[in-house]
Amino acid sequence: MGIEDYGGGQGPHPEVLVVTTNDVPGHEVRQVIGEVFGLTVRSRHLGSQIGAGLKSMIGGELKGLTKTLVETRNQAMERLVEQARARGANAVLAFRFDVTEAADVGTEVCAYGTAVVIAPRA
């Protein structure tokens, strides 16, 4: 697996800018729309669980689970962006992920932040 299998995020010119900061340099917040989130729950398949169990005995990265978590986070972020766009935002500030176990059957990933409308400072 290459490095592209372990990352996420946006391209250079996104329709909805997503940042972890509370502001965007050179821009002002014109409107605060409110909280938005993207949520997904993924179950682990048997092969990953068996592989993870074996790997935990000898040590090392659980590459199958890592790739699954990256895909899950990317899906949650895509859903966040869709919700922000649908509500009229062009940016999401204070973006974060929250990851929890979902009743021992999978992993819940929630991407959340504040949807806003920003504009370049004059």
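Residues numbered from 1 in each chain as written. Predicted model: local features only at pLDDT ≥ 70, side-chain atom pairs only at ≥ 80, totals over all residues. Heavy atoms only, no water.

**Focus: the pairing of strand 3 (residues 91-102)**
Regular strands place side chains that alternate from one sheet face to the opposite one. This is how the line gets drawn: Whether two strands pair comes down to DSSP finding at least two bridges between them. Note on conventions: DSSP H or I runs of at least 4 residues are helices, E runs of at least 2 residues are strands, and numbering of each starts at the N terminus.
Sheet topology note: the strand 1 (residues 17-18)/strand 3 ladder contains two bridges and is parallel. Along strand 3, the bridge assignment pairs valine 18 with valine 92. Here strand 3 folds back onto strand 4 (residues 106-120) in antiparallel fashion, the turn holding three residues, of which alanine 103 has a positive phi close to 50 degrees.

**With respect to the packing of aromatic side chains**
Formally: Any Phe, Tyr or Trp ring, taking Trp's six-membered ring, that has another such ring centre within 6.5 Å forms a pair; planes under 30 degrees apart are called stacked, those over 60 apart edge-to-face, and the others tilted. Each residue gets one of three labels from its accessible area relative to the maximum for its type: buried under 20%, exposed over 50%, partly exposed in between, using a 1.4 Å probe on protein chains only.
Summed over all chains, the structure comprises one aromatic pair. Taking 5.0 Å as the distance between ring centres and 75 degrees as the angle between the ring planes, the aromatic pair formed by phenylalanine 95 and phenylalanine 97 counts as edge-to-face. The class for phenylalanine 97 is partly exposed, based on a relative accessible area of 24%.

**Re a nonpolar patch on the surface**
The condition that has to hold: Residues enter patches when they are more than 30% accessible in relative terms and free of salt bridges; like-charged ones are connected within 9 Å and nonpolar ones (Val, Leu, Ile, Met, Phe, Trp, Tyr) within 5 Å. Every accessible area reported is derived by Shrake-Rupley at a probe size of 1.4 Å, with residue values counting cover from the shown protein chains alone. Here, a salt bridge means any side-chain nitrogen of Lys or Arg that lies within 4 Å of a carboxyl oxygen of Asp or Glu.
On the surface, Phe37, Leu39 and Tyr112 cluster together to form a nonpolar patch covering roughly 250 Å² of accessible area. Its location among the elements puts phenylalanine 37 in strand 2 (residues 27-43). The exposure class of phenylalanine 37 is partly exposed, given its relative accessible area of 39%.

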